[in-house]
Number of protein chains: 2
Amino acid sequence: MNKHIDQSEFQTPQVTTGPLPASRKVYVRSDRFADLRVPIREIDLHPSANEPPLPVYDTTGPYTDPDVTIDVEKGLARPRTAWVLERGHVEEYEGREVKPEDNGGAQGKYLAREFPVRNRPLRGTGTGPVTQLEFARAGIITKEMEYIAIRENLGRKQQLEDAEKTIAQGESFGAAIPPFITAEFVRDEVARGRAVIPSNINHPELEPQIIGRNFLVKINANIGNSAVTSSVEEEVDKMVWATRWGADNVMDLSTGRNIHNTREWIIRNSPVPIGTVPIYQALEKVGGVAEDLTWEVYRDTLIEQAEQGVDYFTIHAGVRLPYIHLTADRVTGIVSRGGSIMAKWCLAHHRESFLYTKFPEICEIMRAYDVTFSLGDGLRPGSTADANDRAQFAELETLGELTKVAWDHGCQVMIEGPGHVPMHKIKINMDKQLRECGEAPFYTLGPLTTDIAPGYDHITSGIGAAMIGWFGTAMLCYVTPKEHLGLPNRDDVKVGVITYKLAAHAADLAKGHPAAHLRDDALSRARFEFRWEDQFNLALDPETARDFHDQTLPKEAHKLAHFCSMCGPKFCSMKITQDVRDYADGLSDNEKAMLYPTDKNQPHPEEARSVVTKDEAEKGMEEMSEKYREMGGELYLEEDAVKKANRSL
Amino acid sequence: MNKHIDQSEFQTPQVTTGPLPASRKVYVRSDRFADLRVPIREIDLHPSANEPPLPVYDTTGPYTDPDVTIDVEKGLARPRTAWVLERGHVEEYEGREVKPEDNGGAQGKYLAREFPVRNRPLRGTGTGPVTQLEFARAGIITKEMEYIAIRENLGRKQQLEDAEKTIAQGESFGAAIPPFITAEFVRDEVARGRAVIPSNINHPELEPQIIGRNFLVKINANIGNSAVTSSVEEEVDKMVWATRWGADNVMDLSTGRNIHNTREWIIRNSPVPIGTVPIYQALEKVGGVAEDLTWEVYRDTLIEQAEQGVDYFTIHAGVRLPYIHLTADRVTGIVSRGGSIMAKWCLAHHRESFLYTKFPEICEIMRAYDVTFSLGDGLRPGSTADANDRAQFAELETLGELTKVAWDHGCQVMIEGPGHVPMHKIKINMDKQLRECGEAPFYTLGPLTTDIAPGYDHITSGIGAAMIGWFGTAMLCYVTPKEHLGLPNRDDVKVGVITYKLAAHAADLAKGHPAAHLRDDALSRARFEFRWEDQFNLALDPETARDFHDQTLPKEAHKLAHFCSMCGPKFCSMKITQDVRDYADGLSDNEKAMLYPTDKNQPHPEEARSVVTKDEAEKGMEEMSEKYREMGGELYLEEDAVKKANRSL
């Protein structure tokens with residue numbers, strides 16, 4: 001049932017604002033474009049760390065900037081409108097009238113309040129480039145590209161300047177990750193279709209971001225009300241909440257009534273690209289009867305949403321009539337909602353899908369607003385049993401064919417992927433996608449690596465997501481603990497985002513992303529040095545880390561104590577390691593060589609073998625002094641250190 | 001601080017009993033040994049499923065059998081004593097006196113109550129085989145081996161008998177998983193050291209279980225009080241709770257006072273093997289001062305714990321003096337507690353570790369009670385930065401050397417592994433372990449694939465665990481959300497266990513374990529057919545799955561409704577798929593071939609390409625009837641079905 005919505009009851013959405021713990025928003029200026037300000041979050045460390053603040057990628061938009069006044073009724077500032085206008089080849093026009101069916105016919109007290117501000121939309125005039133792909137091909141570096149180059153470079157400069165540190169190792173499976181990201185590199189990756197910058201010209205509130213195999217792995221959070229539950233206020237709050245914890249993109253998957261108005265509130269307040277599945281709204285417009293869908297209704301919906309500023313559309317154009325019967329023997333048939341709708345339509349009319357037959361016309365609309373294609377996998381497997389079957393791969397081959405059509409029209413394209421796939425079948429998906437789709441970015445849901453853990457599918461899928469991200473997927477669509485069971489609430493959204501952030505980061509590390517390990521190393525140092533506050537602040541979720549710690553050791557003084565809650569105050573492994581370090585510092589190189597011969601020119605450790613024998617070791621020991629004993633003593637906390645620590649907390 | 005414990009305050013541990021939802025414990029009898037009863041859990045499905053109950057592996061012991069009266073004060077029944085005695089070569093003896101230092105000197109109201117029953121221990125006489133390895137080498141099939149063969153076979157018979165189903169595909173990286181497990185196979189795997197059956201002759205309460213690469217992947221849950229927090233009652237409850245959710249093994253990592261008494265309560269009530277790290281207790285006996293440890297104190301502790309019935313000991317005998325300085329340049333030094341203790345001892349005395357020099361004597365003790373070695377990785381990396389370094393691999397090479405020594409003494413051996421390892425460095429660990437340690441079972445902690453998510457390290461490590469389990473790790477040591485932050489409580493234990501169960505199962509699926517997919521498929525069918533109750537009951541955690549569902553759609557009637565909570569009652573993708581299936585049923589083979597030519601003899605789908613062209617497809621469509629339209633209609637719930645469903649709920 002629809003929630004009872006009354007205009008008088010409608011509340012201004014409450015969103016979470018303010019900086020994250022120990023964090024400041026810093027804006028980096030561009031040398032190329034004076035008006036660019038690229039936000040970065042800097043995490044301050046405890047003075048005892050003697051380390052500079054750690055810069056981290058920031059998806060949170062102005063909500064974490066105390067200098068910006070947030071007014072959800074007005075929406076965010078729209079700096080990108082000027083960028084679009086100065087490039088030309090666009091026109092402002094009146095735009096489509098909002099019709100009652102746009103909100104599912106909701107009326108009176110059931111109609112969600114309209115967003116208070118109405119902007120006239122822009123569209124391409126067809127006289128020159130409009131999409132980022134068209135600009136890139138023309139050799140033009142847009143402000144979006146420059147913005148992204150600065151944004152992605154985070155930490156790399158430091159990495160390169162620090163001669164002591166080696167460039168990260170990794171296995172990238174053929175990706176081409178440069179040590180330093182330039183605007184030219186961004187442009188070239190977009191030009192060859194290997195990366196996309198979802199950025200509808202009518203969503204000037206967004207902070208540009210790139211999705212591609214040679215950039216940081218991105219994540220997407222799904223929100224949206226359903227016919228059964230939730231409201232506009234909740235969805236706007238979830239969008240801001242998801243970006244607060246790291247969502248790079250948000251999809252509004254609303255169904256039921258009030259889709260149009262809900263979306264307008266979301267987009268006007270979103271600092272990240274917003275994606276949708278337009279067929280959901282089209283279906284509502286024809287009363288939920290798939291057979292009654294027409295190209296005209298769908299086309300009208302595309303324009304409606306493009307004018308609002310949706311940045312990418314999931315379009316299930318690969319669900320072709322000839323493939324539908326291939327799903328009949330599946331354990332779980334067709335589980336994609338969009339795929340099911342189109343399958344039903346195809347069967348009812350015994351016609352090829354209009355998404356396929358009208359694909360060139362769809363491209364023209366996408367191009368006019370620079371809406372990025374997210375070619376949907378309507379035949380994705382809904383169970384591990386159905387993974388990598390003929391239906392799935394037949395569709396993927398068609399998506400490859402359509403990618404080229406979209407590129408010919410100047411449109412940006414990414415490709416959606418599964419779903420439910422056991423581990424040993426994951427890499428095949430990635431390899432085939434790269435081959436079929438000309439390296440267009442892959443955007444996968446999970447995949448879930450087993451079906452037996454409903455309630456924990458953020459984890460069953462986080463495993464698959466980390467792996468496929470490593471193999472080359474450019475964006476991971478999150479899965480929340482409520483997957484298969486219900487609509488995610490605020491807490492589920494956070495757990496889903498954090499899980500996918502850590503999966504994406506694990507992928508970046510494994511790919512050998514040059515600066516990815518800087519945060520791991522900073523946190524590991526904090527852990528080793530018992531800087532609890534730093535450990536919390538550097539964590540993806542500082543609040544949960546602190547809360548878990550405080551459940552065992554709630555005292556403030558413990559936050560800088562030289563023991564951890566697992567071992568207690570008397571014995572701690574990390575404290576002992578301090579002694580080891582002091583001991584090793586006292587050994588000469590000759591002494592070390594006597595103990596365990598090492599050679600920096602030796603092959604990679606996993607190939608090397610230790611060659612020291614028991615006899616050799618004993619001989620070495622005899623010759624060595626009792627240095628350690630002299631250093632001796634326990635390293636209990638000195639009172640001074642505690643005082644100093646508490647002062648700064 | 002130690003919790004205040006008063007004899008009068010001591011409560012009998014409260015544990016959770018009773019069957020899991022829709023589950024019955026079934027005992028399978030052996031043809032070979034008339035007294036064997038192997039427990040299996042059967043999950044009943046809704047009558048509309050028309051499927052037999054699904055058998056699943058059962059770690060829960062008698063606690064889920066309503067016919068067994070549980071009395072924690074008496075402990076579980078001890079059937080294995082008779083098995084051990086009838087094999088001979090053992091003697092009952094008085095056993096070591098419990099000393100005050102066994103409980104850290106706790107006295108009076110600080111001393112935890114002794115377990116009420118005292119059993120005289122058994123030990124090998126040296127006149128013949130005692131360990132499972134010795135029996136296996138002698139060609140003898142023990143009752144434990146037969147028990148395990150029946151236990152592991154779960155579902156495989158059904159699988160093999162069902163000619164319609166194909167044997168699971170998978171990639172096992174050189175493992176040799178047979179379609180059917182025989183007692184002879186169990187024996188042979190144990191004989192060659194490729195599997196272990198942790199089963200101290202003084203832990204006759206346990207239900208035998210095997211750990212090896214060619215068997216189901218097992219998981220271990222760590223519990224244990226610390227000097228800072230928790231009590232005997234909590235730890236016994238956690239042990240039962242962990243096995244209820246699927247822990248195959250439990251390690252008691254208690255520190256501080258009352259270690260002896262806590263352990264006795266745990267072992268006497270444990271249906272699964274119990275592991276410990278004896279150096280923890282030895283350290284308590286010398287007042288927490290690592291330098292004061294002696295071989296005599298350690299040896300006495302081994303015997304104390306072996307007499308109590310500990311099934312496997314973590315022994316960090318690979319932390320050799322010559323390797324210690326290799327950790328000095330690490331980001332996080334030595335993070336293993338056992339490793340740190342021994343490093344400190346080695347440095348203080350400037351001597352080789354007594355665990356290494358006295359290793360043959362340790363073997364003699366292990367053999368006399370059939371305690372399995374878990375050779376500890378005291379130099380494991382504590383951060384991704386330190387993964388796969390020389391210190392770690394030098395130790396692993398030594399563990400390989402010690403494996404052969406232990407085998408020569410007739411002892412069972414497994415090898416512990418990391419730790420913190422980025423994804424691209426995981427497989428190297430597995431491959432090197434197999435090579436160095438003669439395929440002895442690998443038992444890994446995680447590994448954590450990134451350091452930046454404290455509070456979510458069950459997930460950062462679940463990713464690594466699933467992968468290394470796939471690659472060949474035989475047992476995965478769980479990590480809870482509290483890792484690095486505090487001691488896990490009951491809820492954390494459950495989340496850790498479920499996370500590792502799903503990781504282990506994902507590994508079994510990917511390895512191509514013959515029957516692993518039966519549960520996935522049963523759950524997927526339940527999902528597809530909207531049998532919500534079955535979906536919950538088949539889940540690893542039925543309670544959480546049900547709870548999450550009910551948060552969105554609390555009505556009982558919805559549990560068999562033909563829509564899910566994501567889509568609402570009007571439109572549901574799964575319902576549409578029913579239509580597709582009906583449609584495909586109506587197509588002749590010729591019609592199907594016209595649409596999309598498939599051939600069962602074609603190569604594996606990922607290699608095949610679809611060959612249908614648009615023209616071919618259109619030609620096919622023209623020739624086809626309007627079958628689908630005739631079938632038509634929505635498939636809403638019939639009242640009858642709802643009534644029937646509710647009746648059985």
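The preceding data block contains the structure.
Reading guide: rules and limits
- Residues numbered from 1 in each chain as written.
- Chains lettered and ligands numbered in written order.
- Predicted model: local features only at pLDDT ≥ 70, side-chain atom pairs only at ≥ 80, totals over all residues.
- Heavy atoms only, no water.
- Disulfide = S-S within 2.5 Å.
- Buried < 20%, exposed > 50% of the residue type's maximum accessible area, 1.4 Å probe, protein only.
- Helix = DSSP H or I, 4+ residues; strand = E, 2+ residues; numbered from the N terminus.
- Contact = heavy atoms within 4.5 Å.
- Pairing = 2+ DSSP bridges.
- Axes fitted to C-alpha atoms, helices over the stretch in contact; angles between N-to-C directions.
- Phe/Tyr/Trp six-rings, centres within 6.5 Å; stacked < 30°, edge-to-face > 60°.
- Lys NZ or Arg CZ within 6 Å of the ring centre and 35° of its normal.
- Salt bridge = Lys/Arg side-chain N within 4 Å of Asp/Glu carboxyl O.

(A) Molecular detail of the state of the cysteines. Residue and element names in this part refer to chain B. Per the stated rule, a full pass over the model turns up zero disulfides over all chains. Cys 411 provides the cysteine sulfur closest to Cys 363, a residue in no disulfide bond, and the two sulfurs are 4.8 Å apart. Using a relative accessible area of 1% as the deciding quantity, one classes Cys 411 as buried.

(B) Broad picture of the side chain of A:Lys494. In this fold, A:Lys494 is placed in helix H17 (residues 490–511). The class of A:Lys494 is buried, set by a relative accessible area of 9%. Apart from the residues lying within four places of it in its own chain, the contact partners of A:Lys494 are A:Trp241, A:Trp245, A:Asp541, A:Glu543, A:Thr544 and B:Tyr456.

(C) Quick look at the sheet that holds strand S11 (residues 312–315) of chain A. Residue and element names in this part refer to chain A. Pairing within the closed barrel is parallel, and its eight strands lie in the order S8-S9-S10-S11-S12-S13-S14-S15. For this sheet the average axis-to-axis angle between neighbouring strands, irrespective of direction, equals 25 degrees. Note that strand S14 (residues 442–445) and strand S15 (residues 475–477) share three bridges and pair parallel. Among the inter-strand pairings, Leu 445 is bridged to a residue of S15, identified as Cys 477. Along the sheet face, helix H7 (residues 259–268) touches strand S8 (218–223), strand S9 (249–252) and strand S10 (274–276) and points at about 155 degrees away from the line of S10.

(D) Summary view of the packing of aromatic side chains. Considering all chains together, one arrives at 26 aromatic pairs over all chains under this definition. Ring centres of B:Trp295 and B:Tyr298 lie 6.4 Å apart, and the angle between their planes is 40 degrees; this geometry places the pair in the tilted category. A residue pair is termed a helical-turn pair when its members lie 3 or 4 positions apart in one helix, as B:Trp295 and B:Tyr298 do in helix H9 (residues 295–308) at three residues. Taken together, the aromatic side chains of A:Trp295, A:Tyr298, A:Trp345 and A:Phe354 make up a single cluster linked through ring pairs. Between the NZ or CZ atom of A:Lys432 and the centre of the ring of A:Phe393, over which it lies, the distance is 5.3 Å. Sitting above the plane of the B:Tyr280 ring, B:Arg337 keeps its charged end 4.2 Å from the centroid.

(E) Representation of the pattern of salt bridges within the structure. For the coordinates displayed, the defined rule picks out 102 salt bridges over all chains. A:Glu207 serves as the salt-bridge partner of A:Arg151, at 3.7 Å between the closest nitrogen and oxygen. Note that A:Arg151 is positioned in helix H3 (residues 143–153) and A:Glu207 in the loop between strand S6 (195–196) and strand S7 (211–212), a separation of 56 residues in sequence. In this structure A:Arg151 comes out as buried when scored by relative accessible area, which is 4%. Here B:Lys25 makes a salt bridge to B:Asp58, at a shortest N to O gap of 2.4 Å. Of this pair, B:Lys25 sits in strand S1 (residues 23–29) while B:Asp58 is found in the loop between strand S3 (54–56) and helix H1 (80–87), placing the two residues 33 residues apart along the sequence. Its relative accessible area of 16% is what places B:Lys25 among the buried residues. With a relative accessible area of 2%, B:Asp58 lands in the buried category. Salt bridges sharing common partners tie together A:Arg96, A:Lys99, A:Asp102, A:Arg263, A:Lys285, A:Asp300 and A:Glu304.

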